[in-house]
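Each chain, written out:
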Amino acid sequence: MKRIFPVLLAACCLFAFTSCAPALKTSEIFAMDTFIIQTVYTDDDNVIRQNNEITRRLEDEMSRTIATSDVCRLNAAPGQDVEVSDETAKVLAVSLDAAADTGGAFSPALGSVIAAWGFGTEDMHVPDEEALSSALAAADYRTVTLEGNTVNTGGAMIDLGGAVKGYALDKAAGNLKAGGVESAIISFGGSIYALGKKPDGTSYKIGIRDPEGGENDYMATIALDGKFVSTSGTYERGFTENGVYYDHVLDPSTGYPVNNGLVAATVLCDSGILSDIYSTALLVMGAEKGVAFADEHGVDVLFLTGDKQIITTDGFAEKYGLEIKNREYAMG
Amino acid sequence: MQKKLITKSDIVFTVVIAAAILLVWFFTLPHAEGKTVVIRQNGEIVATLPLAEDAIYEVDGTYRNVFEIRGGSVHIAETDCPNRQCEKTGSISRAGEAIVCAPNGVTATIAGGEADVDGITG
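Note that the coordinates shown come from a computational prediction; the quantities given were computed from them, not determined experimentally. (Residues numbered from 1 in each chain as written. Chains lettered and ligands numbered in written order. Predicted model: local features only at pLDDT ≥ 70, side-chain atom pairs only at ≥ 80, totals over all residues. Heavy atoms only, no water.)

S.K.: Just checking my understanding: could you explain the overall build of chain B for this structure?
M.R.: Counting its regular elements, chain B contains 2 helices and 8 strands. The order of helices and strands in chain B, counted from the N terminus, is α-β-β-β-β-β-α-β-β-β. Whereas a compact globule of 122 residues would reach a radius of gyration of roughly 14 Å, chain B reaches 24 Å, over 25% beyond that. Projected onto its principal axes, the C-alpha positions of chain B cover 90 × 30 × 25 Å. Relative to its 122 residues, chain B shows a buried fraction of 37%. Within chain B, contacts between residues at least 6 apart in sequence are counted, and of these 29% link residues at least 24 apart. Accessible surface, chain B as shown: approximately 7,200 Å² in total, 58% of it carbon and sulfur. Distance between charge centres in chain B, computed from 10 positive and 15 negative side chains, equals 12 Å. (Helix = DSSP H or I, 4+ residues; strand = E, 2+ residues; numbered from the N terminus. Rg over C-alpha atoms; globule rule 2.2 N^0.38 Å. Buried < 20%, exposed > 50% of the residue type's maximum accessible area, 1.4 Å probe, protein only. Contact = heavy atoms within 4.5 Å. Areas by Shrake-Rupley, 256 points an atom, 1.4 Å probe, with all protein chains shown as cover. Lys, Arg positive; Asp, Glu negative; His and termini not counted. Charge placed at Lys NZ, Arg CZ, Asp CG, Glu CD.)

S.K.: Explain the interface of chain B and chain A to me, please; I cannot follow it from the model alone.
M.R.: The accessible area lost on association of the parts is a frequent measure of interface size. Listed by partner, the interface residues are 34 residues for chain B and 39 residues for chain A. Carbon and sulfur atoms make up 58% of the surface buried where chain B meets chain A, a total of about 3,100 Å² over both sides. When the area that chain B buries against chain A is broken down by residue, the three leading residues are D118, I120 and T121 of chain B, summing to 23%. In this assembly, chain B and chain A are joined by 2 salt bridges. A salt bridge links D118 of chain B to K198 of chain A; its shortest N-O distance comes to 3.1 Å. There are 11 residue pairs in polar contact (both at pLDDT 80 or more) connecting chain B and chain A. For the side of chain B that touches chain A, the per-class residue count stands at 16 nonpolar, 12 polar and 6 charged. The sheet contact formed by strand β8 (residues 204-209) of chain A and strand β8 (residues 119-121) of chain B spans 3 bridges and is parallel. (Buried area = accessible area lost by both parts, 1.4 Å probe. Salt bridge = Lys/Arg side-chain N within 4 Å of Asp/Glu carboxyl O. Polar contact = N/O pair within 3.5 Å; in protein donor to acceptor, adjacent residues only side chain to side chain. Nonpolar A, V, L, I, M, F, W, Y, C, P; charged D, E, K, R; others polar. Pairing = 2+ DSSP bridges.)

S.K.: Where do I start with a negative patch on the surface in this structure?
M.R.: Residues and elements named next belong to chain A. A contiguous patch of negative charge, built from D97, D101, D295, E296 and D314, is present on the exposed surface. Following the sequence through the fold, D295 ends up in helix α9 (residues 287-297). With relative accessibility at 47%, the residue D295 sits in the partly exposed group. (Patch = residues over 30% accessible without salt bridge, like charges linked within 9 Å, V, L, I, M, F, W, Y side chains within 5 Å.)

S.K.: Could you clarify how one ought to interpret the packing of helix α2 (residues 46-62) of chain A against helix α4 (residues 86-101) of chain A in this entry?
M.R.: Helices that pack against each other are described as a pair by the angle of their axes relative to one another and the distance between those axes. All names here are of chain A. The N-to-C vectors of α2 and α4 enclose an angle of 75 degrees; their axes lie 10 Å apart at closest approach. Classed by the angle they form, the pair α2 and α4 counts as roughly perpendicular. Across from R57, L58, E61 and M62 in α2, the residues of α4 making contact are E87, T88 and V91. Here the contact of α2 with α4 is built from residues that sort into 3 nonpolar, 1 polar and 3 charged. (Axes fitted to C-alpha atoms, helices over the stretch in contact; angles between N-to-C directions. Parallel < 35°, antiparallel > 145°, perpendicular 65-115°, else oblique.)

S.K.: What is the right way to look at the sheet that holds strand β5 (residues 150-152) of chain A in this model?
M.R.: Strand pairing in a sheet relies on backbone hydrogen bonds, with the paired strands running either antiparallel or parallel. Residue and element names in this part refer to chain A. Ordered in space as β3-β5-β4, the 3 strands form an open sheet in which the pairing is antiparallel. Each having just a single partner strand, β3 (82-83) and β4 (145-147) make up the two edges of the open sheet. Relative to β5, β3 is paired through 2 bridges, and the arrangement is antiparallel. If you follow E83 over to β5, its bridge partner there is T150.

S.K.: Please clarify how the pattern of salt bridges should be interpreted in this entry.
M.R.: Side-chain pairing between opposite charges can occur once the charged atoms of the two side chains come close. Residue and element names in this part refer to chain A. As enumerated under the stated definition, the model contains 21 salt bridges over all chains in all. The partner of K308 in a salt bridge is E212, and the shortest N-O contact between them spans 3.0 Å. One end of the pair, K308, is in the loop between β14 (300-305) and β15 (309-312); the other, E212, is in the loop between β8 and β9 (218-224), with 96 residues separating them in the sequence. E212 sits in the exposed class, given a relative accessible area of 56%. Three or more residues are tied together by salt bridges with common partners; here these are E212, K308 and E328.

S.K.: Sorry if this is basic, but what is going on with the pairing of β9 of chain A here?
M.R.: Consecutive side chains of a regular strand alternate in pointing toward one face of the sheet and then the other. Residue and element names in this part refer to chain A. Counting buried positions over the 7 residues of β9 gives 6, a clear majority of the element. Sheet analysis places β8 next to β9, joined by 6 bridges and oriented antiparallel. Along β9, the bridge assignment pairs I208 with A220. Examined bridge by bridge, β9 and strand β16 (residues 323-324) share 2 bridges and lie antiparallel to one another. Bridge pairing in β16 places T221 opposite E323.

S.K.: Is there a simple way to explain the packing of aromatic side chains in this structure?
M.R.: Think of a pair of aromatic rings as described by two things: how far the centres are apart, and how the planes are tilted against each other in angle. All names here are of chain A. This structure, assessed with the given rule, holds 10 aromatic pairs over all chains. Between W117 and F239, the ring centres sit 6.3 Å apart and the planes meet at 55 degrees, which makes this aromatic pair tilted. Here W117, found in helix α5 (residues 111-117), pairs with F239, found in strand β11 (residues 239-241); they are 122 residues apart in sequence, far enough to count as distant. By relative accessible area, which is 0% here, W117 ends up buried. Judged by its relative accessible area of 9%, F239 is buried. (Phe/Tyr/Trp six-rings, centres within 6.5 Å; stacked < 30°, edge-to-face > 60°.)

S.K.: When you look at the side chain of T107 of chain B in this model, what are you seeing that I'm missing?
M.R.: Counting through the fold element by element, T107 of chain B comes out in strand β7 (residues 106-111). For T107 of chain B, the side chain forms a polar contact with the side chain of E28 of chain A, separated by 2.5 Å. Excluding residues that lie within four positions of it along the chain, T107 of chain B makes contacts with E28 and F35 of chain A together with V38, I39, R40, I99 and V100 of chain B.

In structure tokens:
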């Protein structure tokens, strides 16, 4: 009986040293035309697998290239009522609201314009003006109606590419929390969600891609804790024709790639789908309008201009511990 | 005589047990290893190679990616993929850096060592 204290002490030591810190699990799959990378601290093998299943399911429902997807079925039936899944209806509803809210700077009905440029295919080219103006005329999100799960495109071609990754991130984040995970970072093609802190107690650190560098180069870092971050850049997925570079971020009002002096917009907020949508919309809006919009909507944005100026919402640097790594960039 | 709550032998006993536990804990810690490059195809790890040893590793799939490890870094030496993005990435050597060949579903990521960032948005 008298050894009860030391034995208890020893037991405490045992628990302290072998404390069940959840194991690190990682996964990398290719889906939604990008890499889905997960780093999760969990002892539950199912969480990561479920997230991959969510991603593949959403891709099957909303891909522009899988013939049986809701989006392809919608685009194959212009002007007809088409039943879609709950999730497609949800993503479309958020996208249509955001289109109205951003004054059309974001549009889920740009399919015909994207197709005219050939973005996402091997045949990217500058469309002739006639083809582009007829594609643009058919790309009005206001012709799309949604009632319950019934969609009528009114002839517009739906493309949810600017929202579905963010939505998948929302779903995956929800699944992590439901699975009791306290620390994780998941990246869906550069749209990132970080949950909690790393096991060493520090925040997850995110690099903001350097537009002039390679895929592994970043010009600054921020700390991410419980938020979603998404970046749209003009440096991605573009092509060069006759010596001119054309990027894939199209201005829905002109049908041409954005040309407003910005090269990237990084948006942070509490929603994956909105960070995804707003990163595109704010890049299209331009810095001045974009900052005003972000302020109004309680989200944070960091713009990079072609002449290496950094423009942000007020207090961004302090809020996210912004550290500029490439000294060629300066706060504008 | 009043009994002491904790005697000298209790302390010795505790220290011995604590020391034993510490020893076991120390030897079961994952030991820091040199950096490796982890090559994945369609999400599955197909090779884990030490960066310290020069080597050539070829991945076949829809397209072909030839990785070359030389002087502690890895790059794509040869590929027939359409956009050649993987080749343009150049050499990588720092933890967390990656070469991505989307058309072939292939990635090569540097593991081991402390990564500077946990992810890149862009």
